[in-house]
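This is what each chain is made of:
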Amino acid sequence: MLTNNSASSRSPRPTRTYVQMPRFQRVKVSVLGRYMLADRREFPCQVLEMSPGDAIVVAPVAGQAGEKVIAYLDHIGRVEGAILEQSEGGFTMEVTASPRKRDKMAAQLTWLANKDVLNLPEDRRHERVVPDNRHSTVVLDDGRRYNCKIIDISLSGAAIELAVRPAMGTPVTLGRMRARVIRHFQDGVAVEFASAQEMLTVVQQNLRVN
């Protein structure tokens, strides 16, 4: 576990400031992502250390102490909080999350911290295959539509060649499948479907262009 044992969630507690909160144990990671400051400017970032309560972020623009920040991180997803302090080359941020989300984050961070040491496989829940028809479309929530080429698919997501790079966490429609962007790479993005499917044939049918 990444959390300490000094706090109990068995009874309601009054809201406390970060300084009063029980500390979480940070682990060393190397997680890429993007973050958005209060003025809605977005920048790429890298998290070097993280716990379910805070994170050390390498970032081109640090923001101000107390400023709200939203980050979309590979393997972890959306993280919200506030900047605690600026540091050389970035900032330290407090992570605001429910107890349930902190537990999930603790498990994700444990996996990330140990996967290289233990030679654990990448977290790909389902086998990936190249579809028969690789051409489809991506539609953003504001109606913008882009042609894309599908690299591979699984029951839970797809990797696609795409000319644009929507921010991580952006909702999209791939063919007729609702999804969200979870990773960027050189020629496109990876998306995770809103719900995992039961058959690859159903995935392929729903990714075809009408």
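The shown structure was predicted, so the numbers you read here are calculated from the model rather than taken from an experiment.

**Quick look at the sheet that holds strand E6 (residues 90-96)**
Link 1 in the chain: An order of E1-E2-E3-E6-E5-E4 is seen for the six strands of this closed barrel, with the pairing classed as antiparallel. The average undirected angle you get between the axes of adjacent strands in this sheet is 45°.
Link 2 in the chain: In this structure, strand E1 (residues 27-36) lies alongside strand E2 (residues 42-50), joined through eight bridges in antiparallel fashion. Along E2, the bridge assignment pairs Met 36 with Glu 42.
Link 3 in the chain: Helix-sheet contacts for helix H1 (residues 99-114) involve E1, E2, strand E5 (77-87) and E6, and the interaxial angle to E1 is about 120°.

**Quick notes on the packing of aromatic side chains**
Geometrically, a pair of aromatic rings is defined through the distance of the ring centres and the angle of the planes.
Link 1 in the chain: Evaluated as defined, the whole model comprises two aromatic pairs.
Link 2 in the chain: Between the aromatic rings of Tyr 35 and Phe 91, the centroid separation amounts to 5.5 Å while the plane-to-plane angle is 70°, which identifies the pairing as edge-to-face. Here Tyr 35, found in strand E1, pairs with Phe 91, found in strand E6; they are 56 residues apart in sequence, far enough to count as distant. Across the pair, exposure class does not vary: Tyr 35 and Phe 91 are buried alike.

**Quick word on the nonpolar core**
Link 1 in the chain: In terms of nonpolar packing, the biggest core is built from 26 residues, with Tyr 35, Met 50, Leu 73 and Phe 91 touching the most fellow members.
Link 2 in the chain: Secondary structure elements with two or more residues in this core: E1, E2, strand E3 (54-58), strand E4 (68-73), E5, E6 and H1.
Link 3 in the chain: When residues no more than four places from it in sequence are discounted, the contact partners of Phe 91 are Tyr 35, Ala 55, Ile 56, Val 57, Ala 59, Val 61, Ala 62, Val 69, Ile 83, Glu 85 and Gln 86.
Link 4 in the chain: With 19 residues, the next largest nonpolar core counts Cys 148, Leu 162, Val 172 and Val 181 among its residues.

**Some points on the confidence of the model for the protein chain**
Fine structural detail should not be taken from predicted coordinates in areas where pLDDT scores are low.
Link 1 in the chain: With 82% of its residues at a pLDDT of 70 or more, the protein chain has an overall mean of 81.
Link 2 in the chain: pLDDT under 50 marks residues 1-22. Its contacts with residues more than four places away, or in other chains, come to 23 contacts.
Link 3 in the chain: Note on residues 118-124: pLDDT is under 50 here. Beyond four places in sequence and across chains, it has nine contacts.

**A word on the environment of Ala 62**
Link 1 in the chain: Looking at the secondary structure, you find Ala 62 in the loop between E3 and E4.
Link 2 in the chain: Through-space distance from the C-alpha of Ala 62 to that of Ser 87 is 7.8 Å; in sequence the pair is 25 residues apart.
Link 3 in the chain: Apart from residues lying up to four places away in sequence, Ala 62 is in contact with Ile 83, Gln 86, Gly 90 and Phe 91.

Quick notes on the rules
- Every chain begins its residue count from 1, and numbering advances along the sequence as written.
- Local features are withheld for residues below a pLDDT of 70 in this predicted model, meaning they are given only at 70 or higher, and side-chain atom pairs are given and counted only at 80 or more; totals for whole chains, interfaces and linings count all residues.
- Side-chain calculation: all heavy atoms of the structure are included, whereas hydrogens and water are not.
- A strand pair is defined by DSSP finding two or more bridges across the two strands.
- Put simply, DSSP H or I for four residues or longer makes a helix, DSSP E for two residues or longer makes a strand, and each gets a number counted from the N terminus.
- To obtain each axis, a line is fitted to C-alpha atoms, and for helices this fit is confined to the stretch in contact; angles are then taken between N-to-C directions over 0 to 180 degrees.
- Every residue pair with non-hydrogen atoms within 4.5 Å of one another is taken to be in contact.
- Note on aromatic contacts: the rings of Phe and Tyr and the six-membered ring of Trp form a pair at centre separations within 6.5 Å, being stacked when their planes are under 30 degrees apart, edge-to-face when over 60 apart, and tilted otherwise.
- The buried label goes to any residue with under 20% of its type's maximum accessible area, the exposed label to any with over 50%, and the partly exposed label to all in between, with areas taken from a 1.4 Å probe on protein chains only.
- Each nonpolar core is a collection of buried residues, namely Ala, Val, Leu, Ile, Met, Phe, Trp, Tyr and Cys, held together in the definition by side-chain atoms within 4.5 Å.
- As a per-residue quantity, pLDDT reports the predictor's confidence and falls between 0 and 100.

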